[in-house]
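Below are the chains, spelled out letter by letter.
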Amino acid sequence: KRWRPSRPPAQAHTYASDGGRSGNVVNPSSSASDSAGTALQPLGQDVRTLLSLMVPLLTGSVLASLTILANTVIVGRSESNGLLLSGLFLPFSMLMVSVIESLRAALTVYATQAEDDRGLRLMVCGFAAEGAVLMLLVAAAVTALGGLIFRRLDAPQETLAYAARFVTWMQVASAVLVAGVLANAAVFARGLARRALATSIAANLVNLGVTSACAFLLQQGAFGAVWGTLAAGSVMFIVSFASLPSAAGSWTHWRAAAGRVFKMTRAIALPVFGSYLVLSVYAAALHDVLMSIGPDAVAGFGVANRLQSLLMMPAAALGTALAIRAGGMHRGSGGDVGVARLVGRALWFGLVLYALISAVTVAAQPFITPLMAGAEAASVLRDYLLIVGPSFLFFGPMLAMLIYLEQAGHGRLALPFNVISLAITFAVVYAVASRRHQVHDVFIAIAG
């Protein structure tokens, strides 16, 4: 077999609907088409099918997001500028996610479609090196241009210099984390689901433990997150790389592997990266607007954005599950009519799901706010949850549909929508912020 750029990575292979407990990899076209003979199935059966695919997809993502959320709280409690530093690192963390997801797509295509395991370790090293180099280049840019990047923040010069050092070293640690996540993705793609999940859980626990110990016991404050990220990435890469099969003599073909890495990056990773880059640019621009308002706005929004990332994970899982199921129906006898009805049902299911999530978010706001933020940032977080939280009802299903388009190979449709909608939103936000200079009004613009 050869990798085929035109084939959507999410549709190439997926884990069995038992959540990967069997450790086997199955082709969705065989599992989904078994029941696709009847194009129009009962609503409950379609919902159960989507849920059976969503649950395993959510497991790893939620664990990682909870770790990030917990680290944000730890950093915020460890020193007075902790939440501010977390907020300043937010755009850079989104860039890291963009790199990881784009390279993971290309690596997954290779891992699932290669005839054997020879060269897999080489490919993992190649993609990991690409991601690490990108992170280190950003670290170098922050070191050289830190004063310009954070100049709009109304804070003492010592605080700005400290923030530049923190972001720089977080980028260095992120280079190791990118390598670890990609190696673990290769283990998942080869069917070792339980081993990959166990490695991910262990790395998250190491992250929390090292971050807490360095932040509080060693009195290193926010820099505890740097050591926690570095330790987690190292553990994940070493254990995952050791889990991959070795092939004697394959290292002599490193030049061919390097050429394959660059070709797959250009054909598969770059289109995926384009969509994430749009979101990163929007986040950076919004971040700049918040810096003009004040440190509390940056700190509060940093916590709120991490919480929102957790709340949006069901939408990401729904979109991916829908793409997997729809792909199987296309290969079977479900046809376009069956797929169209499935998409409509998934949209209604998403609306119901996010109506519940929005209601819970607003109701739990009095408990969430004091737990996650200090006095200054708490009011910003409270406004965000009360104003933007209800908009999850529409944003969640919309995100699921956009991810479905990307995972089903229609990324060209999703990318223009992202560009236009985010450009309009930012234009409104900028106009509101420049005239009223209130974060409350900015959140109304985002929700609208």
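Quick caveat: nothing in here was measured; it's all calculated off a predicted structure.

**Observations concerning the overall build of the chain**
In terms of regular secondary structure, the chain is built from 17 helices and 2 strands. Across the 448 residues that make up the chain, the buried fraction comes to 50%. Long-range contacts, defined here as pairs at least 24 residues apart, represent 81% of the contacts in the chain between residues at least 6 apart. Carbon and sulfur atoms make up 66% of the accessible area of the chain, which amounts to about 19,800 Å² in all.

**Things to note about the packing of aromatic side chains**
In the structure shown here, the tally under the stated rule is 3 aromatic pairs. Their ring planes at 80° and their centres at 5.8 Å tell us that F166 and F223 sit as a pair that is edge-to-face. One end of the pair, F166, is in helix α6 (residues 157-189); the other, F223, is in the loop between α7 (193-217) and α8 (224-243), with 57 residues separating them in the sequence. A single burial state applies to F166 and to F223, both of which are buried. Directly above the aromatic system of F241 lies the positively charged group of R121, at a separation of 4.9 Å from the ring centroid.

**Considerations on the confidence of the model for the chain**
Predicted confidence across the chain gives a mean pLDDT of 75, with 77% of residues reaching 70 or more. A low-confidence stretch, residues 1-39 stays under pLDDT 50, and its non-local contacts, those more than four residues away or across chains, total 91 contacts.

**Observations regarding α8**
Between its terminal C-alpha atoms α8 stretches 29 Å, which fits the 28 Å expected from 20 residues at 1.5 Å a residue. Turning to α8, its buried residues are G224, A225, V226, G228, T229, A232, G233, M236, S240, F241 and S243.

**Quick look at the side chain of T199**
For T199, the position within the fold is in helix α7. Judged by relative accessible area, which is 6%, T199 ranks as buried. For T199, the residues in contact, after removing those within four places along its chain, are N184, M236, V239 and S240.

**What about the nonpolar core?**
Within the largest apolar cluster, 74 residues are counted, with the highest numbers of intra-cluster contacts made by F166, L286, L290, L322, V442 and F443. It is helix α10 (residues 295-311) that provides the largest number of residues to this core, a total of 9 residues. Sequence-distant contacts of V442, that is, excluding residues within four places in its chain, are made with L286, L290, I293, V429, V432 and A433.

**Quick word on the packing of helix α9 (residues 254-293) against α10**
Running from N to C, α9 and α10 cross one another at 140°; their axes reach a closest spacing of 6 Å. The angle between α9 and α10 places the two elements in the oblique class. The segment α9 lies against α10, with L286, H287, L290, M291 and I293 engaging A297, V298 and F301.

**Concerning the side chain of S174**
By secondary structure assignment, the location of S174 is in helix α6. Residue class for S174 comes out buried when judged on its relative accessible area of 1%. Non-local contacts of S174, meaning those with residues more than four positions away in its chain, are made with F89, M96, M135 and T229.

**What about a nonpolar patch on the surface?**
Taken together, V419, I420, I424 and V428 make up a surface patch of nonpolar side chains, about 350 Å² in accessible area. Position of V419 relative to the elements: it lies in helix α16 (residues 411-436).

**Focus on the packing of α9 against helix α17 (residues 439-447)**
α17 packs onto α9 with a crossing angle of 155° between their chain directions and a minimal axis gap of 10 Å. With respect to α17, the axis of α9 lies roughly antiparallel. Judged by the sense of rotation from one axis to the other, the crossing of α9 with α17 is right-handed. Contact with α9, carried on its side by Y282, L286, L290 and I293, involves V439, V442 and I446 of α17 and no other residues of that element.

Conventions we followed
Residues numbered from 1 in each chain as written. Predicted model: local features only at pLDDT ≥ 70, side-chain atom pairs only at ≥ 80, totals over all residues. Heavy atoms only, no water. Helix = DSSP H or I, 4+ residues; strand = E, 2+ residues; numbered from the N terminus. Buried < 20%, exposed > 50% of the residue type's maximum accessible area, 1.4 Å probe, protein only. Contact = heavy atoms within 4.5 Å. Areas by Shrake-Rupley, 256 points an atom, 1.4 Å probe, with all protein chains shown as cover. Phe/Tyr/Trp six-rings, centres within 6.5 Å; stacked < 30°, edge-to-face > 60°. Lys NZ or Arg CZ within 6 Å of the ring centre and 35° of its normal. pLDDT = per-residue confidence, 0-100. Expected span 1.5 Å × (residues − 1). Core = buried A, V, L, I, M, F, W, Y, C linked by side-chain atoms within 4.5 Å. Axes fitted to C-alpha atoms, helices over the stretch in contact; angles between N-to-C directions. Parallel < 35°, antiparallel > 145°, perpendicular 65-115°, else oblique. Patch = residues over 30% accessible without salt bridge, like charges linked within 9 Å, V, L, I, M, F, W, Y side chains within 5 Å. Salt bridge = Lys/Arg side-chain N within 4 Å of Asp/Glu carboxyl O. Left-handed = near helix turned anticlockwise from the far one by under 90°.

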